[in-house]
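# Examination of the molecular architecture
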Amino acid sequence: MSLISALPATDGYRKTGTGAWSSVYAVSELATATFGAVGQELARLMTALNLSPSAPNVSVDHRLASLWYQYSFKPNGWEMPSLWDAIAGDYQTADGWIRLHTNLPRHRAAALKVLEVKADRDAVSQAVRRWSASELESAIVAQGGVSAAMRSRAVWLEHPQGRAVSRDPLIGWHSPRQIKLRDRSEATAERPLAGLRVLDLTRVLAGPVSTRTLAGFGADVLRVDPPGWDEPGVIPDISLGKSCTYLDLKSPSGLEKLQELLSQADVFVHGYRPGALDALGLTRAKRDELAPNRVEVTLDAYGWQGPWAARRGFDSLVQMSAGIADAGCDWANADKPTPLPVQALDHATGYLMAAAVLSALAEAASGNAIMLGQLSLARTAELLAILGKSDTKEVIAGANPSDYSQALEESGWGSGHRLKPALTVGAAKMFWDKPAPKLGTSAPVWATAIT
Ligand SMILES: CC(C)(COP(=O)(O)OP(=O)(O)OC[C@H]1O[C@@H](n2cnc3c(N)ncnc32)[C@H](O)[C@@H]1OP(=O)(O)O)[C@@H](O)C(=O)NCCC(=O)NCCSC(=O)C(=O)O
């Protein structure tokens, strides 16, 4: 027994369903393997907690796992808001391509300030052509924005950050310590994570996928965002099963409330860049003092060592940096960056984070020491780059009506249908006790009683 460090062997779980996303890389294989990792670690936890008389069987539906890497929610007669703002996207520079990520107002302002133009796509396009890709990337990042030049795999593997990422483990574990898990009388073979309090300080897709997964097996997930924060293009998809609250961590009362919630949490998952939590007063020492028995797993964009370790980033940018969009371009014989058909780095990192949480819980339940877990989108890209593709000819192009549950889910935006679950672990099926709410709609309290 030890903490998870790699994808599970394919004979460790049963696979049903067929097909694959059409892609230069093994996206569907990654989807199934990361669901398998969650299943394997949940099975270990259930065994360690004596929730199951024998080791539970893990079953992954390969088609549904692939589809969960896209959108899981189909609105019923209304449109999901766009994920992207009007100027986000790929632009040609004087010497190549760059992607601007401008969904957050301060990131958009940083890019426009450097380019000295208004938020108009044509004006941005003309201005970008006057720059070299790497100089513009550096200038936008220096301004507090986010962007990524398109690099080939060969260039990335020789880049100082590419080299640093290749030295990171897939899941970095550090700072061993012994913890005592809180008894959860609510936990059963059907709902093994019932009563587990998960404090979620993650945003957009990767981290939120991990906590959605834990909620799918009964965990009480409380997500905390800065007041007014919104991500309308993804929230209906990933707030499923969670409570979502706003807390201003720069105010004394907000920070105090967060500290109280942390002291009551069993699991802390966050997606703040290295140093960002410390700047808010939540240093490691403080977290250890408040919640010595917590499991903690975190992600960043570009890895945990190297010159870009603290760089802001998103899946689509890491795909540009790490050579994925360039490899896709060659593979598709295209004349522009060709990303993966889904945001696979986000989703894979999210499921691996959930597996890491479960792994630490299983170790602790067996009386073993645990560690803090660190993952990154860039390291997940390296995992994808070496994963073998199956030779299936059956292309998954998107979800069919039969891939969705019949039941209507009343999300905070309107009703819709959710994809059928892709993972079963013994008697535990993935389902969510609550529909997807809007951000900031709950009080900053746990749904489970504090005794
Ligand atoms: C997600 C981010 C790009 C968001 O970028 P930023 O908003 O610019 O991040 P910062 O952490 O610097 O936060 C900006 C400021 O908000 C402050 N801040 C943050 N949270 C709070 C709360 N709750 N209350 C008050 N203030 C807050 C923080 O201290 C900073 O203050 P000042 O310092 O005073 O300004 C980054 O956090 C990041 O790279 N995270 C790691 C990777 C990641 O999770 N990526 C998204 C998932 S990937 C994905 O889903 C995708 O590809 O899409």
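Residues numbered from 1 in each chain as written. Predicted model: local features only at pLDDT ≥ 70, side-chain atom pairs only at ≥ 80, totals over all residues. Heavy atoms only, no water.

By the naming in an unreviewed UniProt entry, the protein chain goes by Formyl-coenzyme A transferase and is assigned to Ruegeria atlantica.

A separate point is helix H10 (residues 252-264). Count 3.6 residues to each turn of an α-helix, and residues three or four apart come out pointing the same way. Between its terminal C-alpha atoms H10 stretches 19 Å, which fits the 18 Å expected from 13 residues at 1.5 Å a residue. Residues Gly254, Leu255, Leu258, Gln259, Leu261, Leu262 and Gln264 constitute the buried set of H10. Buried residues along H10 sit against strand E9 (197-201), strand E10 (220-225), strand E12 (267-270) and helix H12 (284-290). (Helix = DSSP H or I, 4+ residues; strand = E, 2+ residues; numbered from the N terminus. Expected span 1.5 Å × (residues − 1). Buried < 20%, exposed > 50% of the residue type's maximum accessible area, 1.4 Å probe, protein only. Contact = heavy atoms within 4.5 Å.)

Here the focus is the packing of aromatic side chains. Summed over all chains, the structure comprises seven aromatic pairs. Here the aromatic rings of phenylalanine 73 and tryptophan 78 are separated by 6.1 Å at their centres, their planes lie at 50°, and the arrangement is tilted. Its relative accessible area of 3% is what places phenylalanine 73 among the buried residues. Members of the aromatic cluster, each reached through a chain of ring pairs, are Phe35, Tyr69 and Tyr351. Sitting above the plane of the phenylalanine 431 ring, arginine 191 keeps its charged end 3.6 Å from the centroid. Lying over the aromatic face of tryptophan 308, arginine 311 brings its terminal NZ or CZ to 3.7 Å of the ring centre. (Phe/Tyr/Trp six-rings, centres within 6.5 Å; stacked < 30°, edge-to-face > 60°. Lys NZ or Arg CZ within 6 Å of the ring centre and 35° of its normal.)

Bringing the environment of arginine 130 into the picture now. With respect to the helices and strands, arginine 130 occurs in the loop between helix H4 (121-128) and helix H5 (133-142). The spacing of arginine 130 and alanine 397 is 267 residues in sequence and 38 Å in space, taken between C-alpha atoms.

Backbone hydrogen bonds hold the strands of a sheet together, and the pairing may be parallel or antiparallel. Taken in spatial order, the three strands of this open sheet run E4-E17-E16, and their pairing is antiparallel. The sheet terminates laterally at strand E4 (73-75) and strand E16 (409-410), the two strands that pair on one side only. (Pairing = 2+ DSSP bridges.)

What follows deals with the site of the ligand. In the vicinity of the ligand there are 26 residues, among which Arg106, Leu205, Lys250, Arg312 and Asp315 approach most closely. Here proline 226 contributes a backbone N or O atom positioned 3.5 Å from a nitrogen atom of the ligand. Residue arginine 273 places a side-chain N or O atom 2.8 Å away from an oxygen atom belonging to the ligand. When the ligand is considered free in solution it has 1000 Å² of accessible area, and contact with the protein chains removes 86% of it. In a pocket analysis with a 2 Å cut-off to the grid points, the ligand is assigned to the largest pocket. Among the elements of the structure, helix H3 (105-115) and strand E13 (295-300) are those that each provide at least two residues to the shell around the ligand. Its residues placed into classes, the shell around the ligand shows twelve nonpolar, four polar and ten charged. (Near = heavy atom within 4 Å. Polar contact = N/O pair within 3.5 Å; in protein donor to acceptor, adjacent residues only side chain to side chain. Areas by Shrake-Rupley, 256 points an atom, 1.4 Å probe, with all protein chains shown as cover. 1 Å grid on protein atoms, 1.4 Å probe; cavity = no way out; pocket = protein on both sides within 12 Å on 5 of 7 lines; lining within 4 Å. Sits in = over half its atoms within 2 Å of the grid points. Nonpolar A, V, L, I, M, F, W, Y, C, P; charged D, E, K, R; others polar.)

With that settled, consider the packing of helix H15 (residues 344-365) against helix H16 (residues 377-386). Two elements in contact, H15 and H16, have axes separated by 9 Å at closest approach and are oriented at 100°. As far as their axial angle goes, H16 and H15 are roughly perpendicular. Counting all contacts with H15, which are made through Leu345, Asp346, Ala348, Thr349 and Leu352, the residues of H16 involved are Leu377, Thr380, Ala381, Leu383 and Leu384. Across the contact of H15 with H16, the residue classes break down as seven nonpolar, two polar and one charged. (Axes fitted to C-alpha atoms, helices over the stretch in contact; angles between N-to-C directions. Parallel < 35°, antiparallel > 145°, perpendicular 65-115°, else oblique.)

Our focus in this paragraph is the environment of tryptophan 84. On the secondary structure map, tryptophan 84 appears in the loop between E4 and strand E5 (89-92). For tryptophan 84, a relative accessible area of 30% gives the class partly exposed. The sequence separation of tryptophan 84 and alanine 447 amounts to 363 residues, and the corresponding C-alpha distance is 33 Å. Every residue in contact with tryptophan 84, bar those within four places of it in the chain, is listed here: Arg99, His101, Asn103, Ser316 and Gln343.

Our focus in this paragraph is the layout of surface pockets. Take a probe with the size of a water molecule and roll it over the atoms, and the empty space left behind shows itself. Put simply, the largest pocket is a space of about 1200 Å³. Looking at the lining of the largest pocket, the elements that each hand over two or more residues are H3, helix H8 (206-215), E10, helix H11 (276-279), E13 and helix H13 (315-321). Top contributing element to the lining of the largest pocket by residue count: H3, with three residues. Here the lining of the largest pocket is built from residues that sort into 24 nonpolar, eleven polar and 14 charged. Put simply, the second largest pocket is a space of about 400 Å³. The wall of the second largest pocket is formed by 23 residues, among which Leu181, Arg182, Asp183, Arg184 and Asp266 lie closest to the centre. (Points joined across faces, edges and corners; volume = space filled by probe spheres on them.)

The next thing to look at is the pattern of salt bridges. Counted under the stated rule, the structure contains 23 salt bridges. With its nearest N and O atoms 2.9 Å apart, the salt bridge here joins glutamate 296 to arginine 287. Judged by relative accessible area, which is 4%, glutamate 296 ranks as buried. Residues glutamate 409 and arginine 418 are paired through a salt bridge, measuring 2.8 Å at the closest nitrogen-oxygen approach. Pair check on accessibility: glutamate 409 and arginine 418 agree, each one buried. Taken together, the salt bridges that share partners define one network made up of Arg284, Arg287, Asp288, Arg294 and Glu296. (Salt bridge = Lys/Arg side-chain N within 4 Å of Asp/Glu carboxyl O.)

For the rest of this paragraph, the subject is the side chain of threonine 102. The topology assignment puts threonine 102 in the loop between strand E6 (97-100) and H3. Residue classification places threonine 102 among the buried residues on the basis of a relative accessible area of 0%. Not counting residues up to four positions away in its chain, the partners in contact with threonine 102 are Asp85, Ile87, Ala88, Arg108 and Ala111.

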